[in-house]
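So the chains spell out like this:
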Amino acid sequence: YGYDVVRRFGADGKPDSGLRTINLEQADVIREIFTKYGSGISVRTIAKSLNNTGVRSPRGGQWNVSTINGNRARRDGILWNEAYLGKVLYNRQMFVKDPRTGKRIPRINPQKDWVVTEVPELRIVNDEEWNLVHQRLDRKQSLPLTRRRKPRRLFSGLIRCSECGGPMSIIGEGRISC
């Protein structure tokens, strides 16, 4: 997301592969995501805002949290994509086929095997924005799992049953269970 593939042939008549150019419209969306997240807006709110304004996600559908937040270990998602810094990662992961199901399963290669190529002409986000976002991501990662995101309801995790002392939860309209 943020780039268009350039298709052209080299002098030898073979196609040049891996060439890209910045998609200006998508680059603006990426900068918006980084700016909003860096200023403290949640990923859920950003996704909702993009959906409300009619911006199409990378696959053409609705934006969701994982599209923006991605996975720290796999370095996918908008906030982890180092291509936006002008660095392209190769050999980050490989796929193995599950013999039972026949499905491809991603496996992360050791970081020492990754190949990083500098492509400053493809930079979309500046170092200041990148560092601000990643400081926030690192702070969030250091929090206990229960504190990483806000509960959906005001008293979630706080109300206890007066009989058994267990946590109360809402199980439907007007129904509470412990």
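Coordinates for the structure precede this section.
Since this is a predicted model, take the numbers as computed values, not measurements.

S.K.: Could you clarify how one ought to interpret the overall build of the protein chain in this entry?
M.R.: Scanning the protein chain from terminus to terminus reveals 4 helices and 10 strands. Secondary structure elements in the protein chain, listed N-terminal to C-terminal, are β-β-β-β-α-α-α-β-β-β-β-α-β-β. Looking at the protein chain as a whole, 24% of its 178 residues are labelled buried. Of all intrachain contacts in the protein chain linking residues separated by at least 6 positions in sequence, the fraction that spans at least 24 positions is 48%.

S.K.: Just to check I follow, could you spell out the packing of helix H1 (residues 24-38) against helix H2 (residues 43-52) for this structure?
M.R.: Pairs of packed helices are described in terms of their axes, by the angle between the two and the distance that separates them. Direction vectors running N to C along H1 and H2 enclose 145 degrees, while the axes themselves pass 10 Å from each other. Considering only the axes of H1 and H2, their crossing is right-handed. In this structure, H1 uses Val29, Glu32, Ile33, Lys36 and Tyr37 to contact H2, whose residues at the interface are Val43, Ile46, Ser49 and Leu50. Broken down by class, the residue content of the contact of H1 with H2 amounts to 6 nonpolar, 1 polar and 2 charged.

S.K.: So what exactly am I meant to see when it comes to the nonpolar core here?
M.R.: Soluble globular proteins: nonpolar side chains tend toward being buried together. One finds Ile33, Phe34, Trp63, Ile68, Leu79 and Tyr84 to be the most contacted residues of the largest nonpolar core, which totals 27 residues. Within the residue set of this core, elements represented by two or more residues are H1, H2 and helix H4 (127-142). The biggest single contributor to this core is H1, with 6 residues.

S.K.: Sorry if this is basic, but what is going on with the packing of aromatic side chains here?
M.R.: Aromatic ring pairs: the centre-centre distance and the angle between the two ring planes describe each pair. Taken as a whole, this structure holds 4 aromatic pairs when the rule is applied. With centroids separated by 5.5 Å and ring planes inclined at 90 degrees, the aromatic side chains of Tyr1 and Trp63 adopt a geometry described as edge-to-face. With a gap of 62 residues between them, Tyr1 in the segment before strand E1 (3-5) and Trp63 in the loop between H2 and helix H3 (65-69) connect regions that are remote in the sequence. Given the relative accessible area of 23%, Tyr1 is considered partly exposed. For Trp63, a relative accessible area of 4% gives the class buried.

S.K.: Hey, could you run me through the environment of Arg92 in this one?
M.R.: By the element assignment, Arg92 lies in the loop between strand E5 (87-90) and strand E6 (93-97). Since its relative accessible area comes to 24%, Arg92 is described here as partly exposed. Counting along the chain gives 19 residues from Arg92 to Gln111, while the straight-line C-alpha distance between them is 7.3 Å. The residues contacting Arg92, other than those within four sequence positions of it, are Arg74, Arg75, Ile108, Asn109 and Trp114.

S.K.: What is the right way to look at H2 in this model?
M.R.: Along an α-helix, a turn takes 3.6 residues, which lines up residues three or four apart on a common side. Among all positions in H2, only Val43, Ile46, Ala47 and Leu50 are buried. Summarising the axial view, the buried residues of H2 lie within an arc of 100 degrees, below the 170-degree limit, and thus occupy one face. Projecting away from the buried face of H2 at angles above 90 degrees are the exposed residues Lys48 and Asn52. The elements touched by buried residues of H2 are H1 and H3. A positive backbone phi angle near 85 degrees is found at Gly54, which sits one or two residues after H2.

Definitions and limits used
- Residues numbered from 1 in each chain as written.
- Predicted model: local features only at pLDDT ≥ 70, side-chain atom pairs only at ≥ 80, totals over all residues.
- Heavy atoms only, no water.
- Helix = DSSP H or I, 4+ residues; strand = E, 2+ residues; numbered from the N terminus.
- Buried < 20%, exposed > 50% of the residue type's maximum accessible area, 1.4 Å probe, protein only.
- Contact = heavy atoms within 4.5 Å.
- Axes fitted to C-alpha atoms, helices over the stretch in contact; angles between N-to-C directions.
- Left-handed = near helix turned anticlockwise from the far one by under 90°.
- Nonpolar A, V, L, I, M, F, W, Y, C, P; charged D, E, K, R; others polar.
- Core = buried A, V, L, I, M, F, W, Y, C linked by side-chain atoms within 4.5 Å.
- Phe/Tyr/Trp six-rings, centres within 6.5 Å; stacked < 30°, edge-to-face > 60°.
- Arc of directions from axis to C-beta.

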